[in-house]
Amino acid sequence: MFEFLFSYPSRVYEKGQFVLLGGWPIWAWALLAITVAGGLAWPYFRSRNDGEVRIQGWQSVVLWGLQAAMALLLLSLLWQPALLVATLKPQQNVVAVVVDDSKSMAIADESGGKTRAATAKEILNAGLLEQLKKQFQVRMYKVGRSLERLDKTEDIQATQTATRLSDALRGVAAESASVPLGAIVLLSDGGDNAGGIDLATLSEVRSRRIPVHTVGLGREKYDRDLEIMSVDLPARALADSRITAQVTLRQTGYAKTKVNLTLRDGTKILGQQTMVMKADGEPQTESILFNAGPAGPKALQIGVAPLENEENRANNQVTRLVNVEATKPRILYIEGEPKWEYKFIRRALEEDKTVSITSMLRTTQNKIYRQGVAEPKELENGFPDKAEELFQYQGLIIGGVEIGYFTTAQQELIRQFVDRRGGGLLFLGGRNGLSDGGWGRSGLLDLLPVSIGDRRDTFKRDRAKVELAPGGQDSLITRLVENPEANIERWKKLPEIENYQETGAAKPGAVVLAEFLVGGKRMPLLATQNYGRGRSAVLATAGTWRWQMLQPLEDKTHELFWEQLCRWLVTSSPPRVLSSTPKQVLTDETKVQIRAEVRDKTYLPVSDAQVQARVLLPDGSSEMVDMRPEPMSAGQYTATWDADKPGAYVAEIVAKRGTEELGTDLFNFRREDGVAENFGSEQNKELLEKLSAQTGGVYYSPSTASKLAKDISYSEAGITVREAKDLWNLPIVFFLILSMRATEWMLRRKWGVV
């Protein structure tokens, strides 16, 4: 209908530039327009002055407006309006046709039960290819993991295990660099597995003004499907520690359905969660709590069993890796005076095989009692005053010790222990702790996650009831029982703490996990925050020992709480050499990014180290990879390596400076083939539309793809000519003139002024 009224495709009006081909100046048109409009208004004005008024004033204006509009339109046609548009010269330009050949194109969700690949072939063979070949030199490609030339449409098999659209566009542009490339036609479902079309690719295509016309295939939404969208899981964990997997999924067609979310290590179920699905299309996040088990790399499967009548069952499960470490982090605990809390904390942690506690107890003003030291001279001179001595620990607990006990240098070491070393710091309440110990007026006040002020007598030897705060309901520190509702009730039933220390509100960014209640008022009992590379916490009491003494002997609540708190304290404390990779599971990818952060004994960045990665391959062989320093990031080293075969890999990072070994670290990663195409398999119409819009192309559906052959000629890429498209003879102009004249005549008859 549009082309019938306007003679040309809409593409002409989008791309064309409005011009006037007549030789007369525009001011002449304006002068004539004013003259004609005034001349048409004069009879109405004269009739009113002569008293021969047969119609009202507004009716005169309407009739004059219709006459003037028609006259101005006819006058405009004399100036020969036209659209100047660039078109590709026939047979002198190349058009690249790129067809998605990945596995998702084998999904049979097109009309008539046809696969997406079959629909793509049908579009090309139904006349599109023939029409393109009449006008241009056509080069055909298919894209999956790589770009390949295509001789005939029968070679489209939809079997490749990945889709790399950015690589395909760059490949087509590079291969056609020496020829006039007029346009790219992409037939795809938009399911790119490499993170979408990157800016560099878009910039390259746009710089050459190459329009990318896209034909979207496949349904935009399944009727019945459940898909795992993401899994948030720590890359490292301590042996036998409890960790949480945050799983996000979405579904269509299964709202209010109960499903079992399961986490497995091989055939062994480590954890599961029953959940009720929310509204269709709404992302839903659930947590699974499980025990990490013994040390070693773990390949965990997280997913939901296939549901009844589910259309895509291959996107219900994902694999994630966790490296369960055999290390035993060390905690230094300094206490200002003998107390029950000190004894019960040590007793709780002595049974924990994942952390080691070294303590120093001030028995008199000038004497300390050391326990758990690694060698006889450790801490013999008191609290460490050198970075390499303090930084050998991963965690630090400061009990009821006043700020004046530490020298200015030691106070700065405590700050750097958290900020630079990345250690965990825990403050405990006590007679000489927190504000009563002068910490409120010290330079370390920002290490505390709560405000304390410069006050005295904040430590109260009164019992207080404790409850779980909203922020602690999902925290592993305060998870005493696995069921969240039962955990809230368990905290309410805990014995009262023996004492408490008043503090202010939590600071911005801090999280209150537990509270104590005094006189109807709630105050923070346990609060945490991140600080620099590390973390800090406050436990505003020295009376949790009653959780052991006032409960049955077999009750392990007190031990469990302190084990989880101390594991949180040290789990994220980095070693001197810390290795990582952005993606531990490579789904149909080959390139792995290896990263390492290297620091010396004082945890200052080392930029002159020799860093190598020894990669152990699935077949048992190994390769050495040299890592290079990042110029803009001190102590950072990177390398890119190709994982050619699917399977499990281990990378060991070794850092040296001269003959000095700075440290080693390792991480594991995995390559899986034939997985990526199972996820996000609906048509990504948004990606295809944006790609076309940003390159000057057009998005088509299979039903409108027949227009592509006409529209593709209007391009500024390749070899073009400028064509003028006349606008004076458009059918819409004739209909406008006819409709204005007919409207005027009908109004005159109605108002009796024919």
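Asker: Quick one: what's the story with the packing of aromatic side chains, residue by residue and with numbers?
Answerer: The final tally for this structure, using the stated rule, is 20 aromatic pairs. Between phenylalanine 667 and phenylalanine 669, the ring centres sit 5.9 Å apart and the planes meet at 35°, which makes this aromatic pair tilted. Judged on exposure class, the residue phenylalanine 667 and its partner phenylalanine 669 are both buried. Taken together, the ring pairs connect Phe383, Tyr405, Phe406, Phe427 and Trp439 into an aromatic cluster.

Asker: Got a sec to walk through the sheet that holds strand β35 (residues 699-700)? Specific residues and values, please.
Answerer: Here six strands make up an open sheet; going across it, the order is β5-β4-β3-β6-β7-β35 and the pairing mixed. The open sheet has two edge strands, β5 (147-149) and β35, and neither has a second partner. Sheet topology note: the strand β3 (residues 94-100)/strand β6 (residues 181-188) ladder contains six bridges and is parallel. In the strand pairing of β6, valine 98 is matched with leucine 186. Packed onto the sheet, helix α5 (residues 116-135) meets β3, β4 (137-143), β6 and β7 (212-216) and runs at close to 155° relative to β4.

Asker: Let's hear about empty space enclosed by the protein: which residues, and what values?
Answerer: Taken as a whole, this structure holds one cavity of 30 Å³ or more when the rule is applied. Reported here for the largest cavity is a volume of approximately 30 Å³. Lining the largest cavity are Phe344, Arg347, Ala348, Gln548, His558 and Glu559. Going through the elements one at a time, α8 (340-350) and α13 (557-571) are the ones with two or more residues in the lining of the largest cavity.

Asker: Describe in detail the domain arrangement of the protein, supporting the description with residues and values.
Answerer: Under the domain assignment, the protein is made up of domain 1 (2-87 + 724-751), domain 2 (90-220 + 682-718), domain 3 (225-325), domain 4 (330-571) and domain 5 (577-676). Between the C-alpha centres of domain 2 and domain 3 there is a distance of 36 Å.

Asker: Give a detailed account of helix α4 (residues 57-77), specifying residues and quantitative values.
Answerer: Relative to the 30 Å expected for 21 residues at 1.5 Å per residue, α4 spans 31 Å between its end C-alpha atoms, a close match to the ideal helical length. For α4, the full list of buried residues reads Gln59, Ser60, Leu63, Leu66, Gln67, Ala68, Met70, Ala71 and Leu75.

Conventions used here
- Residues numbered from 1 in each chain as written.
- Predicted model: local features only at pLDDT ≥ 70, side-chain atom pairs only at ≥ 80, totals over all residues.
- Heavy atoms only, no water.
- Phe/Tyr/Trp six-rings, centres within 6.5 Å; stacked < 30°, edge-to-face > 60°.
- Buried < 20%, exposed > 50% of the residue type's maximum accessible area, 1.4 Å probe, protein only.
- Pairing = 2+ DSSP bridges.
- Helix = DSSP H or I, 4+ residues; strand = E, 2+ residues; numbered from the N terminus.
- Contact = heavy atoms within 4.5 Å.
- Axes fitted to C-alpha atoms, helices over the stretch in contact; angles between N-to-C directions.
- 1 Å grid on protein atoms, 1.4 Å probe; cavity = no way out; pocket = protein on both sides within 12 Å on 5 of 7 lines; lining within 4 Å.
- Points joined across faces, edges and corners; volume = space filled by probe spheres on them.
- Domains from an automatic or database assignment.
- Expected span 1.5 Å × (residues − 1).

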